[in-house]
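A look at the structure
Listed below, chain by chain, are the residues.
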Amino acid sequence: MAYESIPLEAFHETFKFNTELSSVALGGKVVKVSDEFFAEAFHLLEVEPAPSLKGQFGPNGALYSGWETRRHNPSYDWCVIELGTLGTIVGFDIDTSHFNGNEAPEVSVDGIVDSSLGEYDVNNAKWTEILPRVGLGPSQRHLFKVPETERVKYVKLNMYPDGGIARFRVYGNVAPVQPDDPREVFDLAHVFAGGRVTYMSDQHFGVGANLILPGRGKDMGDGWETKRSRQNGHKDWVIIKLQVTETSQIEIDTAHFKGNFPETCELHALCSQDEVPDIDAADWTQILSPVKLGPHRRHFFALEADDSIAYTHVKLTIYPDGGIKRVRVNGTKGPCSTTADLAVRPSDTVENDAAAPLEPAPVAIKQVKTIPVLPLTPEAFSPFGQGPKITPANQGSATKFHKLSLLESSYPPGLGASSGLSIYRCNPTKIINGGVELKIVERHPYTNQAFIPMGGGGIQGDEALKEPGSAYLVVVAHNGADDKPDFNTLRAFVASAGQGIMYNTAIWHQPMTVLYKPMDFTCVETQIGNGDKADCEILELEASEVVILALPRH
């Protein structure tokens, strides 16, 4: 097969739009090897460049970060590698760093699609040559470009006759794995779904391509991190190419970035035929307004996307700089997902069964607006309420989440409003086809209101819940110009029994709604207590305004 040797300085230009299919970060692994007497073959696929271990020795001799076999092989050595995902191959990086005098003199590479090899027979007739026998030199990287292959799952690295190789990287294009159901939500940016990072403003400490890898990584080294900025107004950005789909929500994960996470971020999207659209193009549409980020945690945000547009790219901008571990852009590849045809059937209704599946089963009866229910995070909830301030307490034996609800009250004088604690016992709501209907909202025009879940237990015969629930809904919206809820700002969250929430004064919200099992809440509030509208203003939605809150799947 034809091939082309690529100079090292042309690496980025040659493979910038390709994926390292063999990386352990994608799940690549060594499945069989002829010999690894001096150094084990798993080193070939490590993400980090090979370090020098000069002067270090083990039971079998000098130590190397790479694959090294015995001397005097009469034929050749080989290593069978399962790629992290099915894909087509366009090139290789074969690195002999620190192998000088014991490097492999020549190599070739074969490929195979068959995943039922069992013992990975090296003599299987299905092995096809991808890179013919080529020479290598000591302690250097060797780049080879080949014509794009058919889809390949396994490669076999052949070493003639023996010796050492530090790193082996296979570059190509992922064969996308996507759901058949056009309504099923999946991560549009994920590398396995065909997502690609095509441009980043800076990647001084961590490369942008890490953002779309599987999992949450192991340390700061496998995220995207930019260098420190020294001027006011600085920003960094990364562009991710998606499949042509509808976006609905985003997850931004700052795992392991504890003192170097970005202060804020925003997201833009567009539809373009270009791999790297113009950074300043007028077509970029903001689908996530600037939001605060926090350290070492997952953030979930609903997107303000135009449902009639299938976006091809998103641009994540961070201010002023910092590190992000993963970005998940969730959506569907089917028709507009903001409406759903839902109907109530007896078999679809769930009241108290916590184990009931939350799989949607649409039936074309009536059209209603649908919004996703996302995990509750302080950053996403902050426009609607206050989050806790965390400090040590009790000589370090406790953590104090204090000033969770600074009481606010603007009742007119003479109404007799007072502050105190109330207890609410909430029964679980009905779940229909994996969703909850939002039919009523309320607001407290003169006061804020906090809810703190209570536990269970108690003694036999008392009124405490023996098995309280562990999840409840938090649905909020800002007030509109017509003094009614602005449904463009409607957001829905699912909170755990370990999370308390506080609604800002006059924020529209769904009355306390729990899932699966009853829950008790302590409520911190100011009220008159006589049912006056000044305490609580209730709005029942018209049939055309009813919203389906689409719960996360178990």
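Bear in mind the structure is a predicted one, so any value in this text is a computation, not a measurement. (Residues numbered from 1 in each chain as written. Predicted model: local features only at pLDDT ≥ 70, side-chain atom pairs only at ≥ 80, totals over all residues. Heavy atoms only, no water.)

A few words on the confidence of the model for the protein. Looking at the protein, the pLDDT average stands at 87 and 89% of residues meet or exceed 70. Counting interchain partners and residues more than four positions distant, the pLDDT-below-50 stretch residues 335–366 has 75 contacts. (pLDDT = per-residue confidence, 0-100. Contact = heavy atoms within 4.5 Å.)

As a further point, take the environment of aspartate 93. Assignment of secondary structure puts aspartate 93 in strand β7 (residues 77–95). Residues aspartate 93 and lysine 145 lie 52 residues apart in sequence; the distance between their C-alpha atoms is 9.1 Å. Other than its neighbours up to four places away in sequence, aspartate 93 contacts Arg141, His142, Leu143, Arg167, Phe168, Arg169 and Tyr171. Within polar-contact distance, the side chain of aspartate 93 engages the side chain of arginine 141 at 2.8 Å. (Helix = DSSP H or I, 4+ residues; strand = E, 2+ residues; numbered from the N terminus. Polar contact = N/O pair within 3.5 Å; in protein donor to acceptor, adjacent residues only side chain to side chain.)

Once that is clear, we can look at the sheet that holds strand β33 (residues 449–454). Pairing in this open sheet of 4 strands is antiparallel, and the strands run β29-β39-β33-β36 from one edge to the other. Bordering the open sheet on either side are β29 (418–426) and β36 (501–503), each of which pairs with just one other strand. Neighbouring strand axes in the sheet, compared pairwise and without regard to direction, differ in orientation by 25 degrees on average. (Pairing = 2+ DSSP bridges. Axes fitted to C-alpha atoms, helices over the stretch in contact; angles between N-to-C directions.)

Note the cis peptide between tyrosine 160 and proline 161, where omega equals -15 degrees. Cis geometry marks the peptide bond from tyrosine 319 to proline 320; its omega dihedral reads -15 degrees. The residue proline 320 is located in the loop between β21 (311–319) and β22 (323–324) in this model. In this structure, histidine 296 is a non-glycine residue whose phi angle is positive, near 55 degrees. Summarising the element assignment, histidine 296 is placed in the loop between β19 (285–292) and β20 (298–302). A relative accessible area of 37% places histidine 296 in the partly exposed class. (Buried < 20%, exposed > 50% of the residue type's maximum accessible area, 1.4 Å probe, protein only.)

Residue placement: glutamate 537 occurs in strand β40 (residues 537–540). Look at glutamate 537 and you get buried, because its relative accessible area is 18%.

With 82 residues, the main nonpolar core has Ile89, Phe92 and Phe168 as its most contacted residues. The dominant element in this core, judged by the number of residues it contributes, is β7, at 6 residues. (Core = buried A, V, L, I, M, F, W, Y, C linked by side-chain atoms within 4.5 Å.)

A few words now on the layout of surface pockets. Empty pockets left among the atoms are what a rolling probe the size of a water molecule brings to light. In this structure, the second largest pocket spans a volume of roughly 1,400 Å³. Glu20, Tyr171, Val207, Ala209 and Asn210 are the residues nearest the centre of the second largest pocket, which is lined by 46 residues in total. Elements with a contribution of two residues or more to the lining of the second largest pocket: α1 (11–15), β2 (19–20), β7, β13 (167–174) and β15 (196–200). Top element by residues in the lining of the second largest pocket is β15. It accounts for 5 residues. (1 Å grid on protein atoms, 1.4 Å probe; cavity = no way out; pocket = protein on both sides within 12 Å on 5 of 7 lines; lining within 4 Å. Points joined across faces, edges and corners; volume = space filled by probe spheres on them.)

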